[in-house]
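Descriptive analysis of the structure
As a plain string of letters, each chain reads:
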Amino acid sequence: MANVVFTEERENQLMSKIRWKIVPYVMLLYIVAMLDRVNIGFAALQMNKDLGISASMFGMLAGVFFITYLFFEVPSNVIMHKVGARKWIARILVSWGLVTVFLAFAQNVTHVAILRGLLGAAEAGFYPCIVLYFTFWFPTKHFAKTMSLFMCGMALANIIVGPISSWIMENVSWMGMAGWRWMFILEGLPAVILGFVTLFVLVDRPDQAKFLTAEEKQWLMAELEREHVAKQLKVKVANKWEVFKNSRVWHLAFCYLCYVLALYGLGMWMPQILKNLAKAMSLSNIGLISTIPYMCAIIAMVYVARRSDALQERRYHTALPIGIAFFGLIGLTMTDNLITSMLLLCVSQAAIYSFVGTFWSLPNLYLSEATAAVGIAIINSVGNLGGFFGPYMVGFLKDATGSTNAGMYFLATFAILGTISVLAIPKKEAAAESLRQPGIKA
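Residues numbered from 1 in each chain as written. Predicted model: local features only at pLDDT ≥ 70, side-chain atom pairs only at ≥ 80, totals over all residues. Heavy atoms only, no water.

Topic: the overall build of the chain
In terms of helices and strands, the chain carries 18 helices and zero strands. For a compact globule of 442 residues, the expected C-alpha radius of gyration is about 22 Å, and the chain comes in at 21 Å, within 12% of that figure. Principal-axis analysis of the C-alpha atoms places the extent of the chain at approximately 65 × 45 × 40 Å. Expressed as a percentage of the 442 residues in the chain, the buried residues total 63%. Long-range pairs, those at least 24 residues apart, make up 85% of the contacts in the chain with a sequence separation of at least 6. Total accessible area on the chain stands at roughly 17000 Å², and carbon and sulfur atoms take up 66% of it. (Helix = DSSP H or I, 4+ residues; strand = E, 2+ residues; numbered from the N terminus. Rg over C-alpha atoms; globule rule 2.2 N^0.38 Å. Buried < 20%, exposed > 50% of the residue type's maximum accessible area, 1.4 Å probe, protein only. Contact = heavy atoms within 4.5 Å. Areas by Shrake-Rupley, 256 points an atom, 1.4 Å probe, with all protein chains shown as cover.)

Some details on empty space enclosed by the protein
Within this structure, the stated rule accounts for three cavities of 30 Å³ or more. Lining the largest cavity are 16 residues, with Val38, Asn158, Gly267, Met268 and Tyr294 positioned closest to its centre. With six residues, helix H10 (residues 247-277) is the single largest residue contributor to the lining of the largest cavity. Taken together, the residues of the lining of the largest cavity break down into 12 nonpolar, four polar and no charged. Roughly 60 Å³ of volume is contained in the second largest cavity. Taken together, Tyr30, Arg37, Tyr69, Tyr127, Met154, Tyr256, Tyr259, Val260, Leu263, Tyr264, Asn380 and Asn384 form the lining of the second largest cavity. Those elements that place two or more of their residues in the lining of the second largest cavity are helix H1 (8-38) and H10. (1 Å grid on protein atoms, 1.4 Å probe; cavity = no way out; pocket = protein on both sides within 12 Å on 5 of 7 lines; lining within 4 Å. Points joined across faces, edges and corners; volume = space filled by probe spheres on them. Nonpolar A, V, L, I, M, F, W, Y, C, P; charged D, E, K, R; others polar.)

Quick word on the packing of helix H13 (residues 315-332) against helix H18 (residues 405-423)
Direction vectors running N to C along H13 and H18 enclose 165 degrees, while the axes themselves pass 8 Å from each other. With respect to H18, the element H13 is oriented roughly antiparallel. Helix-helix and strand crossings are classified by hand; for H13 and H18 the assignment is left-handed. Along the contact surface, H13 presents Arg315, Tyr316, Thr318, Ala319, Ile322, Gly323, Ala325, Phe326, Leu329, Ile330 and Leu332, while H18 presents Asn405, Met408, Tyr409, Leu411, Ala412, Ala415, Ile416, Gly418, Thr419, Val422 and Leu423. (Axes fitted to C-alpha atoms, helices over the stretch in contact; angles between N-to-C directions. Parallel < 35°, antiparallel > 145°, perpendicular 65-115°, else oblique. Left-handed = near helix turned anticlockwise from the far one by under 90°.)

As for the packing of aromatic side chains
Tallying each qualifying case throughout the model produces 31 aromatic pairs. Between Tyr259 and Phe355 the ring centres are 5.0 Å apart and the planes differ by 15 degrees, which places this aromatic pair in the stacked class. One end of the pair, Tyr259, is in helix H10; the other, Phe355, is in helix H14 (residues 338-359), and 96 residues separate them in sequence. As far as burial versus exposure is concerned, Tyr259 and Phe355 are alike and both buried. Ring geometry for Tyr392 against Phe396: centres 6.2 Å apart, planes inclined by 25 degrees, an arrangement best described as stacked. Within this pair, Tyr392 and its partner Phe396 are both found in helix H17 (residues 386-401), separated by four residues, close to a single helical turn. (Phe/Tyr/Trp six-rings, centres within 6.5 Å; stacked < 30°, edge-to-face > 60°.)

Some details on a nonpolar patch on the surface
A cluster of nonpolar residues, Leu189, Ile193, Phe196, Val197, Leu199, Phe200 and Val201, forms a patch on the protein surface that exposes about 680 Å² of accessible area. Mapping Phe200 onto the fold places it in helix H8 (residues 179-201). (Patch = residues over 30% accessible without salt bridge, like charges linked within 9 Å, V, L, I, M, F, W, Y side chains within 5 Å. Salt bridge = Lys/Arg side-chain N within 4 Å of Asp/Glu carboxyl O.)

Description of the confidence of the model for the chain
Of the residues in the chain, 93% reach a pLDDT of 70 or more, and the chain-wide mean stands at 87. Low pLDDT, under 50, characterises residues 437-442; the predicted model gives this stretch 11 contacts beyond four residues in sequence or across chains. (pLDDT = per-residue confidence, 0-100.)

Focus: the side chain of Glu227
With respect to the element layout, Glu227 can be found in helix H9 (residues 214-234). Side chain to side chain, Glu227 and Thr140 meet in a polar contact 2.9 Å long. In contact with Glu227, not counting residues within four places along its chain, are Pro139, Thr140 and Lys141. (Polar contact = N/O pair within 3.5 Å; in protein donor to acceptor, adjacent residues only side chain to side chain.)

Topic: the environment of Leu277
Position of Leu277 relative to the elements: it lies in helix H10. On the basis of relative accessibility, which here comes to 23%, the residue Leu277 falls in the partly exposed class. Along the backbone, Leu277 and Ile339 are 62 residues apart, and their C-alpha atoms lie at a distance of 9.7 Å. Ignoring any residue separated from it by four or fewer positions in sequence, one finds Leu277 in contact with Asp336, Leu338 and Ser341.

A few points about the nonpolar core
By size, the foremost hydrophobic cluster in this structure holds 163 residues, and its most contacted members are Tyr127, Phe134, Tyr259 and Trp360. No other element matches the 19 residues that H10 contributes to this core. For Phe134, the contacting residues outside a window of four places in its chain are Ile22, Val23, Val26, Phe143, Thr146, Met147 and Phe150. (Core = buried A, V, L, I, M, F, W, Y, C linked by side-chain atoms within 4.5 Å.)

Let's talk about the pattern of salt bridges
It is possible for side chains bearing opposite charge to pair when their charged atoms get close. Within this structure, the stated rule accounts for six salt bridges. Among the ionic pairs, Lys141 bridges to Glu11, the shortest N-O distance being 3.8 Å. Here Lys141 is found in the loop between helix H6 (126-135) and helix H7 (143-171), whereas its partner Glu11 is found in helix H1, with 130 residues between them in sequence. Using a relative accessible area of 8% as the deciding quantity, one classes Glu11 as buried. Among the salt bridges present, the one from Glu216 reaches Lys17, with a minimum N-O distance of 2.9 Å. Separated by 199 residues along the polypeptide, Glu216 in helix H9 and Lys17 in helix H1 bring together distant segments of the chain. You can call Glu216 buried: its relative accessible area is 11%. According to the relative accessible area criterion, Lys17 is partly exposed, its value standing at 29%.

In C-alpha cells:
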C-alpha cells in the first residue's frame, strides 16, 4: 500500500468527519443502554414499597446486573470481533430491550433479581464492543476525544432518565398498572426498535465506508496498521487468550473497578439521597434536579479529554479527576443542606465522569487489534463488578447504620485508590508517543 501524506489539518478534518458519521448514533445507543441500566434507581421510589424491597435488597438488585455481565462479556466481545459490530450490536439491543419490558411484569424480589441478571447477560459486551469498534476507526492520538464524546451519552442518559422516568411514574397508570411498570415498558421498547435500525446504519470497517474517499481509506488503514505493529512490538502477546496473563491488563482492570464502584454507587442512590434531603419534593422535581450534576459532568468530561489529547498526556488527566471525587463524596457526609449537597454532587459526578474518556486511551496504548477484543472485555467486565459492589455496599451500610454516610466513605476510599492505581502506571509506558515510529510520516 503506497504512502498517502496527510497534513495535520487534513488528518483532523478526516477524524472530525468520521466522528460526525459514527459517534452521534452510537451515543444514542449508549443513552438507551444507560437508560435501561439505571432506571431501576427511579423505579425504586415506587417499586420498593410495592414489592417490599429493603435498602440492602435494592442494592443487590441494582448490582446483580453486573455479575452476569462479567461472565458474558469476554465471549460477547470475541463474537463481535468475528461477526462484525453491526450484527452483534443489533442483537444486543433487541435482547436487552425485551428483558427491560419483561421487568414491568415482575411480582416479587426474585422476579426482579432474575430479570436484572438476564439484563446483564443480554447487554454484556455492548460497551466494550463500542470501545473495540472505535479502535477500528480512530488512531490513538484521537481516541480520548472520541471516547469522551461517546461517554457524554452516559451523562445525557442520566439527564434524561430522571425527568422521563419520574414523569411516567407519576402520570402513566394505564390498564391499572403502576407507573414504575409502565416506565420499564416505555423505556425498553426503544432498544428493540434501534436494534433493527442498527443493521442499516452502522458500518463495520473503514474499507466498507461509502462516506470515505479511496485516499482517506488508504491513509487511515495505513495509520492504524502502523499503530498495530507498534503495539505488538511494545507488548508481545502470541494470541488474544494470552492477554489473560498480562499484568498491565489486570492493573487497568483494577483502576476501572475503582471508577465503576464510585460511578454506580453514587448514581444508583442519588435519587434516594435527594429524596431524603427534600422529603416534600415531588418525584418529577427530584427527577429534574438530578439532571444538574450530569450537566456538569458533560462539560468536565469533554474539557479534560480535549486537554489530554492536546497535550498527549494520559496519566494525570485520568488519575487527578477521580481524586477530586474523593473530597466531594466525603463532603456529602458533612451536610444536610440541599444546596450544599447539590454542589458536592456536581463536583463528585463531574470528577468521576472525567476519568473515563482518558482512561480508555491507556488500554489502547497496549492492545493491538488481535488482543483488544479480549483485553478490553477483561478490563470492562472486571471493572464492572464495581457496579454490583458499589450500590450493594451503600445499601448494606445504610441498613446497618441508618444513613448513606458510611456508603459515601466506602465510595470515597475507592475513588482515591483509583487515583493511586493510575499514577502507579510508569510514565514512560503511558506515553502515546511510544507508539510513533521515527522516520515514518503519515
